[in-house]
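The primary structure of each chain is shown beneath.
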Amino acid sequence: MLDQRLLRDNPELITQQLGRRGMALDLGPLQQIARQERDLEQQRSDLQAEGNRIGKAVGQLIQSGAAPSSPDVQALRDQGNAIKHQVASLEEQEKALELQLREALSALPNLPSPDAPDGRSEADNIEIKRWGSPRAEAGLQEHWQIGERLGLFETERSVRIAQSRFITLMGAGARLERALISFMLDLHTSKGYCEVMPPILVNSASLTGSGQLPKFAEESFRCADDDLWLTPTAEVPLTSLHRDEVIAAEQLPLKYAAYTPCFRREAGSYGRDTRGLIRLHQFNKVELYWFCHPDHSAAAHQQITADAEAVLEALELPYRKVELCTGDMGFSAARTYDLEVWLPGAAAYREISSCSVCNDFQARRSAIRFKEGKNTRLLHTLNGSGLAIGRTMAALLETGQQSDGSVRLPAALVPYFGGDTIGAG
RNA sequence: GGAGAAGUGGCCGAGUGGUCGAAGGCGCAGCACUGGAAAUGCUGUAUAGGGGCAACUCUAUCGAGGGUUCGAAUCCCUCCUUCUCCGCCA
C-alpha cells in the first residue's frame with residue numbers, strides 16, 4: 001500500500017513511478033477524494049470537540065445541583081443531540097470516502113526502486129551474472145522423462161486423486177524432496193535464519209497484508225465455508241507473523257526460513273509446462289524472509305539473494321541471475337532478482353527463485369513497525385525463495401543424468417538422501 | 001461439540017454513567033543522592049489520524065462492531081479471542 005499522504009501531496013510522483021511499470025494513471029480524482037476525506041475529518045473532529053464540551057458542561061451543571069430536567073440542562077441536551085446527528089452524517093460520508101480510497105490504494109502496486117531497470121516485459125530483464133558450466137550435450141532427457149523412467153512420481157494417478165497439475169512423489173522421488181527440504185533449511189539456519197513452520201491456511205487479512213488481495217484473488221484456492229485460503233507462498237504467513245506489531249530496533253533484522261507447501265491456481269497458464277514438476281497447483285518451497293531497518297534493506301536484498309544463490313552453488317547447479325525490469329516485477333516488489341537454474345534436458349534457464357525487496361509496502365499494509373528511540377516507523381520487508389523444491393529436483397535430475405540412465409546427486413545432498421545415485425543398477 | 005469465566009496502557013491491576021486516556025504497582029528513561037553501584041527520592045513514560053515552523057493542540061481508541069444517552073471502560077446487542085471443566089481426537 002502506498003502512503004495516503006503521498007497521494008494527497010504528490011500524486012505526480014506516484015503517476016510517474018507507476019508509469020515505469022507500464023501503468024497509465026490519472027490520480028487527480030483519487031487525490032480529490034483523499035483531500036475531501038481529510039477536510040471531513042477536520043470538520044467532524046471540531047464538532048466532536050464541541051460535543052465533548054457540552055457533555056462536560058451538563059455534567060458540571062448536574063453535579064452542582066441543577067435538576068436534570070431544568071431548562072438550562074435541557075437546552076444543552078438539545079444542542080448535544082443536534083451535534084450528534086451532524087457528526088453521524090459526516091462520519092457516514094467520511095467512511096464512504098475512506099472505503100473508496102482504501103480500495104483504490106490497495107489495488108495499486110508498489111513504487112519501483114530507483115535502481116530497478118526500466119522495461120516493459122520479461123524481454124527487458126537484465127542478466128547480471130552466470131554461475132557454473134551448463135551441460136549442453138545432445139540427447140539429454142527432460143526431468144519428467146527421467147522421473148517417469150525411474151518411477152520417481154505418478155502423473156496419471158495424481159489426476160485421480162486431485163486433478164491435473166498435481167503430482168504424487170514416489171519412493172526415491174519422495175525421499176529426494178524430503179532431503180532437499182532438510183538440506184535447504186539446515187543451510188539457512190546455519191546462517192542465522194530462524195526456522196518456521198507456519199499455518200498454510202491463511203485468512204484474508206494476511207493475504208491483503210502481503211499484497212495478494214484484493215487484486216489477485218483468482219490466483220489462490222479458497223475454503224468455501226471459512227475465511228481461509230491455501231497459502232500461495234510462505235511469504236503470506238511470514239508477513240503476518242508480525243502483523244500489527246512494533247518491534248524493537250535492536251531486534252532487527254529478523255530473518256526467517258520457512259518450508260511450506262504452496263498452492264496456486266495457475267489461472268491462465270493452460271497448456272504451459274503441463275508435464276513434470278515445473279508448474280503445479282501444489283508445490284513445496286523453502287522461503288526466506290527478512291524484517292529489517294529501512295537503511296539496511298538495499299544491502300539485505302543483496303544478502304537474501306546471495307543466500308538463495310548459495311543453495312544452487314552447494315547443489316552444483318549452474319544458474320544465472322537476472323534483474324527484473326519495472327514492467328516484469330511483482331505487485332509488492334520495489335526491486336527483484338530472479339535466479340534461473342539451467343535445465344540441460346530442456347536446454348533452458350527456468351526461474352527457481354525470486355528475491356524481492358518490498359520496502360515499506362507490505363509493512364504499511366500489515367502495520368509492522370519498529371521503535372527507534374522515540375519514533376515508531378514502518379520497517380522494510382524482503383522475501384526470496386530458497387528454493388522452490390520441485391524445480392530444484394527437476395534441475396538435479398536433468399543435471400545429474402548419466403549415460404547408464406541413472407542420476408548422480410551432488411555431494412552436499414548425499415547425507416540427506418542416503419546415497420549418491422538414483423536408479424543405479 | 002457442551003457448560004462456565006474473562007478480555008483495561010510494555011506487563012500486573014483498580015475502576016459499574018459525568019472534567020477517565022484511565023488510580024496503584026512493576027518495568028523502562030532522565031535527574032538527584034553516591035567514589036561507583038545498590039537502595040531511595042523526584043520527573044517522565046500508549047497508539048493512530050488532523051492542524052501548527054514549533055511549544056502545542058484537536059479527535060478517536062479500555063478485544064471488535066453496533067446501540068442507548070447531552071455524556072459509556074462502566075448499561076444493552078452481535079461477533080471474536082483466551083482460560084477452566086466435560087466430551088472427542090492425531
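Shown above is the structure to which this text applies.
The paragraphs below set out a description of the structure included in this document. (Residues numbered from 1 in each chain as written. Chains lettered and ligands numbered in written order. Predicted model: local features only at pLDDT ≥ 70, side-chain atom pairs only at ≥ 80, totals over all residues. Heavy atoms only, no water.)

**Some words on the overall build of chain A**
Short version of the rule: Each helix is a run of DSSP H or I of at least 4 residues and each strand a run of E of at least 2, with the numbering of both proceeding from the N terminus. Note on exposure labels: buried denotes an accessible area under 20% of the residue type's maximum, exposed denotes more than 50%, and partly exposed covers the range between, all computed with a 1.4 Å probe on protein chains only. Only heavy atoms enter the contact rule, under which two residues are in contact if any of them lie within 4.5 Å. Accessible surface area values rest on a Shrake-Rupley calculation with a 1.4 Å probe, where residue burial reflects the displayed protein chains alone. Residues counted as positive are Lys and Arg, residues counted as negative are Asp and Glu, and His and the chain ends are not counted. Here the site of a charge means atom NZ of a Lys, CZ of an Arg, CG of an Asp or CD of a Glu.
Helix and strand content of chain A: 13 helices and 17 strands. A principal-axis box enclosing the C-alpha atoms of chain A has dimensions of 105 × 45 × 40 Å. Evaluated residue by residue, chain A yields a buried proportion of 48% over its 425 residues. For chain A, contacts bridging at least 24 residues in sequence account for 73% of all contacts bridging at least 6. Within the structure as shown, chain A displays about 20,100 Å² of accessible surface, and the carbon and sulfur contribution to it stands at 48%. Distance between charge centroids for chain A: 1 Å, based on 46 positive and 56 negative side chains.

**What to know about the protein's contact with RNA strand B**
Formally: Summary of the distance rule: residues count as near a molecule or strand when at least one heavy atom falls within 4 Å of that molecule or strand. We call two N or O atoms a polar contact when they sit within 3.5 Å, provided that within protein one can donate a hydrogen and the other can accept it, with sequence-adjacent residues counted only if both atoms are side-chain atoms. Polar here means any residue other than Ala, Val, Leu, Ile, Met, Phe, Trp, Tyr, Cys and Pro, which are nonpolar, and Asp, Glu, Lys and Arg, which are charged; Gly is therefore polar.
Surveying the vicinity of RNA strand B reveals 23 residues, the closest of which are Arg8, Glu41, Gln42, Gly55 and Lys371. Of everything in RNA strand B that lies within 4 Å of the protein, sugar and phosphate atoms constitute 69%. Within the side chain of Arg38, a nitrogen or oxygen atom sits 2.7 Å from a phosphate oxygen of RNA strand B. In this structure, Gln60 approaches RNA strand B through a side-chain N or O atom, which is 2.9 Å from a base nitrogen. Mapped by element, the contributors of at least two residues to the surface near RNA strand B are helix H1 (4–9), helix H3 (28–63), helix H4 (71–106) and strand S13 (368–372). Here the residues of the surface near RNA strand B are counted per class, giving 3 nonpolar, 10 polar and 10 charged.

**Examining the side chain of His380**
Within the secondary structure, His380 is located in strand S15 (residues 380–388). His380 gets classed as buried once you look at its relative accessible area, which sits at 11%. A polar contact is formed between the side chain of His380 and the side chain of Ser297, at a distance of 2.8 Å. Those residues within four positions of His380 in sequence are excluded, and the remaining contacts are Trp290, Phe291, Cys292, Pro294, Ser297, Asn359 and Asp360.

**Let's talk about the sheet that holds S13**
Counted only if it meets this: Only strands joined by at least two bridges in the DSSP assignment are considered to pair. Helix axes use the C-alpha atoms of the stretch in contact, all axes being lines fitted to C-alpha atoms, and the angles between their N-to-C directions lie in the range 0 to 180 degrees.
Here we have 3 strands laid out as an open sheet, ordered S7-S13-S14, and mixed in their pairing. In this open sheet, the two strands that pair with only one neighbour each are strand S7 (245–248) and strand S14 (375–378). Each neighbouring strand pair of the sheet contributes to a mean axis angle of 35 degrees, computed without reference to strand direction.

**Details of the pattern of salt bridges**
To be explicit about the condition: Any Lys or Arg side-chain nitrogen located within 4 Å of an Asp or Glu carboxyl oxygen qualifies as a salt bridge.
Counting across every chain of the model gives 22 salt bridges. Linking Asp118 and Arg20 is a salt bridge whose minimum nitrogen-to-oxygen distance equals 2.6 Å. With Asp118 in the loop between H4 and strand S1 (126–131) and Arg20 in the loop between helix H2 (11–19) and H3, this pair connects stretches of sequence that are 98 residues apart. Residue classification places Asp118 among the exposed residues on the basis of a relative accessible area of 51%. Of the residues examined, Arg20 reaches a relative accessible area of 16% and is grouped as buried.

**Brief notes about helix H12 (residues 389–400)**
The following threshold applies: The span expected for a helix works out to 1.5 Å for each residue beyond the first.
Taking 1.5 Å of rise per residue, the 12 residues of H12 would be expected to cover 16 Å, and the 16 Å separating its terminal C-alpha atoms lies within 8% of that figure. For H12, every residue scored as buried is listed here: Ile389, Gly390, Arg391, Thr392, Met393, Ala394, Ala395, Leu396, Leu397, Glu398, Thr399 and Gly400.

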